[in-house]
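Summary of the model geometry
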Amino acid sequence: MFGLKADWSLEVFERYFTIGDYAGGEARWCPGCGDHAVLSAAQRVLRDEQQRPEKSVCVSGIGCSSRMPHYLGTYGFHGLHGRALPVACGIKSRRPDLDVWVATGDGDCFSIGTGHWIHALRYNMDMTLMVFDNAVYGLTKAQTSPTSPLGFKTNTHPFGAILDAHNPLTVTLGVANVSFVAQVVDWNPPMLYQTLKAAYRHRGTSFVRIIQRCPVYADAYSKALQSDPSRFLLLEHADGIAHDPAVLRQFPERRTHDPSSLGGAFQLALDNTHIPLGLLYHNPAAPCYEDLSSQGMNMTPEQKLTHMNAVLDRLTI
Ligand code: SF4
Ligand code: MG
């Protein structure tokens, strides 16, 4: 007798995801832009963690780096200037099963988005927060950004920036409940990969400031950093970022730093003589807002009604 099979459910086979599975549209950043390196590192992390593309979402604001959701083959949300973090927090609060990445820049995060940056760090929702810091507004063709160094010439300050640069590390470290703070350069792929992998694996908001090359509007600034590794201080520790031997050879200035020390992290962030690279601070015990705020989410309608009535009964006069 002919007929339907008894069970028509689809057989879904486990498969290995390749880098191609995380590729979105063709990246239209300028040739030599550091954003390409960050995209590649994030794709490698996703591939190596075998994260399902449909279980990841990349959220951004406005700026060159904020084009990342178009180029990453996951879900994406290219939002409003400075507003990537509230969108990311909203996604995480309703869909805690999704793996959330945030792509933002120095202008987007450290200027118009400052309020959201501070509060998102305190909420410590589980997401990877990548700040592409090229010290300039690139998309709008060279205005002074909060991290432009003193004397940096832009369209808004043709004779050079007149204020000292904002220090994103000290601000981040000063926020209550901050749980993961790292700094890296885009032009060192092994370090960038290891740092994003550690950030991805941390449960909480992983703040990663990526010092990023903009060869179009900050070429001299980027080249001066790139050509002088002695400007940097590589942080080493068993609980820090696992550095490749090649990375160790590239950075002559190194220091052992225990990332559980908030005081030690502040000292490094305040040090004007060197730019620290690696994991400055890590507190895996910091609570995540989605865990605290989801209590009672699994209650049945009857349980919710009983609970609400109990609360209302307390107001009976
Ligand atoms: Fe990258 Fe600068 Fe070009 Fe923007 S303007 S894509 S930051 S090189
Ligand atoms: Mg910028």
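Scroll up to find the structure this text is about.
All figures in this text were calculated on a predicted structure; none of them were measured in a lab. Residue numbers here run from 1 along each chain, matching the order of that chain's written sequence. Chain letters start at A and ligand numbers start at 1, both assigned in the order the entries are written. For this predicted model, a pLDDT threshold of at least 70 governs which residues receive local features, and a threshold of 80 or more governs which side-chain atom pairs are given and counted, while totals over whole chains, interfaces and linings are taken from all residues. Only hydrogens and water are set aside when side-chain values are computed; all heavy atoms of the structure are taken into account.

So, about the overall build of the protein chain. The way it works is that DSSP assigns letters per residue, a run of H or I at least four long becomes a helix, a run of E at least two long becomes a strand, and they are numbered from the N terminus. Counting its secondary structure elements, the protein chain contains twelve helices and eleven strands. Across the 317 residues that make up the protein chain, the buried fraction comes to 45%. Note on definitions: a residue-residue contact is assigned when non-hydrogen atoms from the two residues lie within 4.5 Å. Contacts in the protein chain between residues at least 24 apart in sequence constitute 67% of all its contacts with a sequence separation of at least 6. The protein chains shown are the only cover counted for residues, whose accessible areas, like all others here, come from Shrake-Rupley with a 1.4 Å probe. With an accessible surface of roughly 16100 Å², the protein chain has 57% of that area assigned to carbon and sulfur atoms. For the protein chain, the centre of its 27 positive side-chain charges and the centre of its 29 negative side-chain charges are spaced 3 Å apart. Buried means the residue's accessible area, taken with a 1.4 Å probe over protein chains only, is under 20% of the maximum for its type, while exposed means over 50%, and partly exposed covers the values in between. All tallies of charge rest on Lys and Arg as positive and Asp and Glu as negative; His and the ends of each chain are not included. To locate a charge, take NZ of a lysine, CZ of an arginine, CG of an aspartate or CD of a glutamate.

Only Phe, Tyr and Trp rings are paired, with Trp represented by its six-membered ring, and only when their centres lie within 6.5 Å; those with planes under 30 degrees apart are stacked, over 60 edge-to-face, the remainder tilted. This model, assessed by the stated rule, comprises ten aromatic pairs. Residues Phe-110 and Trp-117 carry aromatic rings whose centres are separated by 4.8 Å and whose planes lie at 50° to one another, so their mutual orientation is tilted. Residue Trp-117 is classed as buried on the basis of its relative accessible area of 0%. Consider the rings of Phe-110 and Phe-207, whose centres lie 6.5 Å apart with planes at 45°: the pair is tilted. Here the residue Phe-110 occupies a position in helix α4 (residues 106–112), and Phe-207 occupies one in strand β8 (residues 205–211), the gap between them amounting to 97 residues. As far as burial versus exposure is concerned, Phe-110 and Phe-207 are alike and both buried. Aromatic ring contacts, followed pair by pair, group Phe-110, Trp-117 and Phe-207 into a single cluster. When the NZ atom of lysine or the CZ atom of arginine is within 6 Å of a ring's centre and also within 35 degrees of its normal, the charge is said to sit over that ring. Stacked on the ring of Tyr-193, the Lys or Arg Arg-44 has its end atom at 3.9 Å from the ring centre.

Between two packed helices, what matters for the description is the angle formed by their axes and the separation of those axes. Angles here are taken between N-to-C directions and fall from 0 to 180 degrees, while the axes themselves are lines fitted to C-alpha atoms, restricted in helices to the stretch in contact. Close contact between helix α3 (residues 84–94) and helix α5 (residues 114–123) brings their axes to 8 Å; oriented N to C, the two are set at 35°. The segment α3 lies against α5, with Leu-85, Pro-86 and Cys-89 engaging His-116, Trp-117 and Ala-120. Following the grouping adopted for this structure description, the nonpolar residues are Ala, Val, Leu, Ile, Met, Phe, Trp, Tyr, Cys and Pro, the charged ones are Asp, Glu, Lys and Arg, and the polar ones are all others, Gly among them. Among the residues making up the contact of α3 with α5, the classes are represented as five nonpolar, one polar and no charged.

This part is about the site of ligand 1. Taken together, the neighbourhood of ligand 1 is formed by Trp-29, Cys-30, Cys-33, Cys-64, Asn-134, Gln-212, Cys-214, Pro-215, Val-216 and Tyr-217. For the shell around ligand 1, the residue count by class is eight nonpolar, two polar and no charged. Working definition: residue near molecule or strand if any one of its non-hydrogen atoms lies within 4 Å of it.

This part is about the sheet that holds β8. Spatially, β2-β1-β3-β4-β8-β7-β11-β9-β10 is the arrangement adopted by the nine strands of the open sheet, whose pairing is mixed. Of all the strands in the sheet, just β2 (75–78) and β10 (254–256) have a single pairing partner and so form its edges. Each strand of the sheet is rotated relative to its neighbour by a mean of 20°, with strand direction disregarded. When DSSP locates at least two bridges between a pair of strands, those strands are taken to pair. Sheet topology note: the strand β9 (residues 232–236)/strand β11 (residues 275–282) ladder contains three bridges and is parallel. Paired with Leu-234 across the two strands is Leu-277, which belongs to β11.

Along the chain, Trp-117 turns up in helix α5. Separated by 97 residues in the primary sequence, Trp-117 and Gly-20 have C-alpha atoms spaced 32 Å apart. Discounting chain neighbours no more than four positions away, the residues touching Trp-117 are Leu-85, Cys-109, Phe-110, His-166, Pro-168, Val-171, Thr-172 and Phe-207.

As a further point, take the pattern of salt bridges. Every case where a carboxyl oxygen of Asp or Glu lies within 4 Å of a side-chain nitrogen of Lys or Arg is listed as a salt bridge. The full count for this structure, using the stated rule, is 13 salt bridges. Among the ionic pairs, Lys-223 bridges to Asp-219, the shortest N-O distance being 2.9 Å. Residue Lys-223 and its partner Asp-219 are located together in helix α8 (residues 219–226), separated by four residues, close to a single helical turn. With a relative accessible area of 48%, Lys-223 lands in the partly exposed category. Among the residues examined, Asp-219 registers a relative accessible area of 28% and is labelled partly exposed. One network of salt bridges, with partners in common, ties together Asp-126, Arg-203, Glu-290 and Asp-291.

The coordination sphere of the magnesium ion (ligand 2), as far as protein atoms go, consists of Asp-106 (OD), Asn-134 (OD1) and Val-136 (O), spread over 2.1 to 2.2 Å. All donors of the magnesium ion (ligand 2) come from a single chain, and their spacing in sequence reads D-x27-N-x1-V. Highlighted residues: Asp-106 in helix α4 and Val-136 in strand β5 (residues 136–137), separated in sequence by 30 residues. Considered together, Asp-106 and Val-136 belong to a single accessibility category, that of buried residues. Only nitrogen, oxygen and sulfur atoms qualify as donors, provided they sit within 2.8 Å of the metal or within 3.2 Å for Na, K and Ca; with water excluded from the atoms, sites may seem incomplete.

The next point concerns the nonpolar core. We define the nonpolar core as a collection of buried residues of types Ala, Val, Leu, Ile, Met, Phe, Trp, Tyr and Cys that are connected through side-chain atoms lying within 4.5 Å of one another. Counting residues in each nonpolar core, the largest one holds 41 residues, and the members touching the most others are Met-68, Trp-101, Met-130, Met-191, Leu-196 and Phe-232. With near-sequence residues (within four places) excluded, Trp-101 lies in contact with Ala-42, Val-45, Leu-46, Ser-56, Val-57, Cys-58, Val-59, Thr-128, Met-130 and Tyr-200.

To continue, consider the pairing of strand β7 (residues 180–185). The element β7 is largely enclosed, with a buried count of six among its six residues. Here β7 shows no split at all, with Phe-180, Ala-182 and Val-184 on one side and Val-181, Gln-183 and Val-185 on the other all buried. Bridge count between β7 and β8: six bridges; the pairing is parallel. Note that in β8 the partner of Val-181 across the bridge is Phe-207. Direction of pairing for β7 relative to β11: antiparallel, over a ladder of four bridges. Across the sheet, residue Phe-180 finds its bridge partner in β11, namely His-282.

Coordinates in, geometry out; function isn't part of it.
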